[in-house]
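The chain contents come next:
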Amino acid sequence: MEQPIAVTRQSFDDWMVPVYAPADFILVRGEGSQVWDQQGKSYIDFAGGIAVNALGHAHPVVTAALVEQAGKLWHLGNGYTNEPVLRLAKLLIDATFAEKVFFCNSGAEANEAALKLARKRALDNGNHSKNQIVAFNNAFHGRTLFTVSAGGQPKYSKDFAPLPGGITHTPFNDLAAAAEVINDNTCAVIVEPIQGEGGVLPADAAFLQGLRELCDRHDALLIFDEVQTGMGRTGDLYAYMQYGVVPDVLTTAKALGCGFPIGAMLTTDELAKTLSVGTHGTTYGGNPLATAVAGAVFSVINTPEVLEGVKQRHKWFLDGLNKINQQYPIFSEIRGGGLLIGCQLTKDYAGKAKQITQLANEEGVIALIAGPDVVRFTPSLVIPEQDVKEGLARFARAVARICS
Ligand SMILES: *Cc1c(COP(=O)(O)O)cnc(C)c1O
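These lines cover the structure that appears in this document, whether it is placed above or below. (Residues numbered from 1 in each chain as written. Predicted model: local features only at pLDDT ≥ 70, side-chain atom pairs only at ≥ 80, totals over all residues. Heavy atoms only, no water.)

This part takes up empty space enclosed by the protein. According to the stated counting rule, one finds one cavity of 30 Å³ or more in the structure shown. Approximately 30 Å³ is the volume found for the largest cavity. Along its surface, the largest cavity is lined by Ala139, Phe140, Gly142, Val148, Gly151, Gly152, Gln153 and Tyr156. Here the residues of the lining of the largest cavity sort into four nonpolar, four polar and no charged. (1 Å grid on protein atoms, 1.4 Å probe; cavity = no way out; pocket = protein on both sides within 12 Å on 5 of 7 lines; lining within 4 Å. Points joined across faces, edges and corners; volume = space filled by probe spheres on them. Nonpolar A, V, L, I, M, F, W, Y, C, P; charged D, E, K, R; others polar.)

Further remarks concern the layout of surface pockets. In this model, the second largest pocket occupies a volume close to 720 Å³. Taken together, 32 residues form the lining of the second largest pocket, with Asn78, Val101, Phe102, Phe103 and Gly285 sitting closest to its centre. At the level of elements, helix H4 (83-95), strand S4 (100-104) and strand S12 (263-267) are the ones that each hand at least two residues to the lining of the second largest pocket. (Helix = DSSP H or I, 4+ residues; strand = E, 2+ residues; numbered from the N terminus.)

This brings us to the sheet that holds strand S17 (residues 374-377). By definition, the strands of a sheet pair up through backbone hydrogen bonds, in either a parallel or an antiparallel sense. The antiparallel open sheet is built from four strands, whose spatial order is S13-S14-S17-S16. The open sheet has two edge strands, strand S13 (331-337) and strand S16 (368-369), and neither has a second partner. The sheet contact formed by S16 and S17 spans two bridges and is antiparallel. By the bridge assignment, Ile369 is partnered in S17 with Val375. Those strands touched by helix H13 (residues 304-327) are S13, strand S14 (340-345) and S17, and its axis lies near 175° from that of S13. (Pairing = 2+ DSSP bridges. Contact = heavy atoms within 4.5 Å. Axes fitted to C-alpha atoms, helices over the stretch in contact; angles between N-to-C directions.)

What follows is the structure in structure tokens.
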């Protein structure tokens, strides 16, 4: 047997396009909510691959589905449909407002499909000036040119101009400001029920309800980007269910595959007609391997045990984080829903989120940031209580160090 190529963290700097700055260790194995690096050091995983590994690492049901499908059929191309994709579509339809599903491979692609649908629908209706998209400051919708332009963080889009036009940004949670820019030329409004990358900022219920009414009044589509909030993350299958506001189009990815790349756009029968044969597509979208995995993920997550368990775990995290904050007051606010939790740093610690997560790594816990001033937690939805306790104890040691 040939020896595998020796790799270290330095290899990343030597060989990889430098769009990321990964941690200075390499993880090699995971089980549940624990991961281990090349040196055998253990970490409690409070990041879950950025809200992706919703069932932790190497979940037996998901692994079994992957292995079984891997021995059967991986890919066909869209000239041939397959059983796993149809079963997953039916599961999503039965559990949500949706009547039709389009599968793709990522969150950005799901949003791309949603925005294209909105533009084409208006055009199909003969309305040539109804092409305006309303989006929100600080939003994140992906990295394709269209979705990065819809996103509300110019630092991600400005270097790639000229950008697709017809997109207006307005302040999040400001209904009056939205009402000023939504009009009969608006084809879609795209919004995250909780802004994830932007700092874990939940929408107010009245804001989403108001957007729903504005969209109805002006015949615009309301698109909920639930790529991060979706699949149980907030304690309901999708966050729209808690808000009681039903979108026209919903996008989902991240936790849908628990690490196997897959995304989906959910919509109604009527709107789905817009994307008629040949008008949109993707090579891998809906392939049997990805959809078999996602079907297994769905069958575990969409159960009262797991969804109720998210609410329980939310409380464990909040209790533990509040206790840490009593001892070392570094958070001005702890917010979010379910297992999408953001801790806003006080002025004294502004800009130190990254440094805190680096210290957390040293103490053996993996956490995320959401901008420079927010520490974010998006662990597995089934993380055991023992791991929450141990991870928070390690996190507390990191906080103690930044405070000393
Ligand atoms: C992660 C994310 C995306 C982009 O998903 P990719 O799979 O990286 O393309 C889009 N929207 C939201 C809200 C996200 O959190």
